[in-house]
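# Structural overview
Residue-level listing of the chains:
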Amino acid sequence: ISIDEYEELTALKNFVLMQTIYFGNYDGALYLTFEFSSILIAIDENGVKYIQKEPENIPLPVHDEKSGGYGLPIMGKHPEGARDIALDDNYVYITFSGKKISRWEQMKYTFNFEELIEKIKHSQRLLIFDRETGNFVKEIELPKTAMNFKIFGNSAYLLNTIDDVPSIYKYSLNLE
């Protein structure tokens, strides 16, 4: 596909954003989401199946030409987006932040910036979409923040690395 054909994707001319993609494949289709937006894209052998921006409608960050070169968005100015993606027969699951990192929080972690980065890689929101249509189904607030997760059956296995020790938590989804 050509990004020039889709207005929502023109920000990907900033090639650095290609490093912020989360993707999964299922049944001949590729599903993409991004660290700095709420866009979900499904692509199959026929091209783009759908581009979904809801429920957050956070676009990919447009390159700031004043900064001179291509780069990632400035922390705190652009919202954080997806944290991971998983798929099953019926749904696309995305752990999602949607937050901006405040100046106060950045200052709080001045001497341990790695801890802040680790913290913002986690999310407590799970967005669920219909895999075939891309329609938003619902949002679930997870009991623990997760950096990564996998779906097996009707359960999500959440990886949390910011508690006392890295832990995996099993969470029943009850989607039916």
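One structure accompanies this document, and this report is about it. Not measured: the values here are computed from a predicted model. (Residues numbered from 1 in each chain as written. Predicted model: local features only at pLDDT ≥ 70, side-chain atom pairs only at ≥ 80, totals over all residues. Heavy atoms only, no water.)

## So, the pattern of salt bridges
The full count for this structure, using the stated rule, is eight salt bridges. Arg-131 is paired through a salt bridge with Glu-132; the nearest N and O atoms lie 3.4 Å apart. By relative accessible area, which is 5% here, Arg-131 ends up buried. Salt-bridge contacts for Asp-163 lead to Lys-144; the nearest nitrogen and oxygen are separated by 3.4 Å. Here Asp-163, found in the loop between strand 10 (155-160) and strand 11 (167-172), pairs with Lys-144, found in strand 8 (residues 136-146); they are 19 residues apart in sequence, far enough to count as distant. The partly exposed category is assigned to Asp-163, whose relative accessible area is 28%. Within the structure, one salt-bridge network assembled from shared partners comprises Lys-49, Arg-131 and Glu-132. (Salt bridge = Lys/Arg side-chain N within 4 Å of Asp/Glu carboxyl O. Buried < 20%, exposed > 50% of the residue type's maximum accessible area, 1.4 Å probe, protein only. Helix = DSSP H or I, 4+ residues; strand = E, 2+ residues; numbered from the N terminus.)

## A short note on the sheet that holds strand 11
Ordered in space as 9-10-11, the three strands form an open sheet in which the pairing is antiparallel. Taken across any chain shown, the strands that pair with only one partner, and hence form the sheet edges, are strand 9 (148-152) and strand 11. Across the sheet, the axes of successive neighbouring strands diverge by a mean angle of 20°, strand direction being ignored. In this structure, strand 9 lies alongside strand 10, joined through five bridges in antiparallel fashion. Opposite Phe-149, over in strand 10, you have Leu-158 as the bridge partner. (Pairing = 2+ DSSP bridges. Axes fitted to C-alpha atoms, helices over the stretch in contact; angles between N-to-C directions.)

## Observations regarding the pairing of strand 8
With six bridges connecting them, strand 7 (residues 123-130) and strand 8 associate as antiparallel partners. From the neighbouring strand, Leu-126 faces strand 8, where its bridge partner is Ile-140. Counted along the chain from strand 7 to the antiparallel partner strand 8, the turn is five residues long, and its residue Gly-134 has a positive phi close to 85°.

## Some details on the side chain of Asn-160
Along the chain, the position of Asn-160 falls in strand 10. Asn-160 sits in the buried class, given a relative accessible area of 0%. There is a polar contact of 3.0 Å between the side chain of Asn-160 and the backbone nitrogen of Ile-162. A polar atom in the side chain of Asn-160 sits 3.0 Å from the backbone nitrogen of Asp-163. (Polar contact = N/O pair within 3.5 Å; in protein donor to acceptor, adjacent residues only side chain to side chain.)

## What to know about the sheet that holds strand 8
Read from one edge of the open sheet, four strands run 5-6-7-8, paired in antiparallel fashion. In this open sheet, the two edge strands, each paired with only one partner strand, are strand 5 (82-87) and strand 8. Strand-to-strand, the axes of this sheet are offset by a mean angle of 20°, without reference to chain direction.

## Some thoughts on the packing of aromatic side chains
Working definition: an aromatic ring pair is given by the centre-to-centre distance plus the angle between the planes. A complete count under the given rule lists three aromatic pairs for this structure. Between Phe-129 and Phe-136, the aromatic rings sit 5.6 Å apart at their centres with planes inclined by 65°, giving edge-to-face as the arrangement. Judged by relative accessible area, which is 32%, Phe-136 ranks as partly exposed. Measuring from centroid to centroid gives 5.7 Å for Phe-152 and Tyr-157, while their planes differ by 65°, and the two rings are edge-to-face. When its relative accessible area of 54% is taken as the criterion, Phe-152 is described as exposed. (Phe/Tyr/Trp six-rings, centres within 6.5 Å; stacked < 30°, edge-to-face > 60°.)

## Brief notes about unusual backbone geometry
Cis rather than trans, the peptide bond between Glu-54 and Pro-55 has omega equal to 10°. By the secondary structure assignment, Pro-55 is in the loop between strand 4 (47-52) and strand 5. Positioned with a positive phi, Asp-27 is a non-glycine residue whose angle comes to about 50°. For Asp-27, the position within the fold is in the loop between strand 1 (21-26) and strand 2 (29-34). The phi dihedral of Asn-57 falls on the positive side, at around 55°, and the residue is not glycine. Along the chain, Asn-57 turns up in the loop between strand 4 and strand 5. The exposure class assigned to Asn-57 is partly exposed, which follows from its relative accessible area of 42%.

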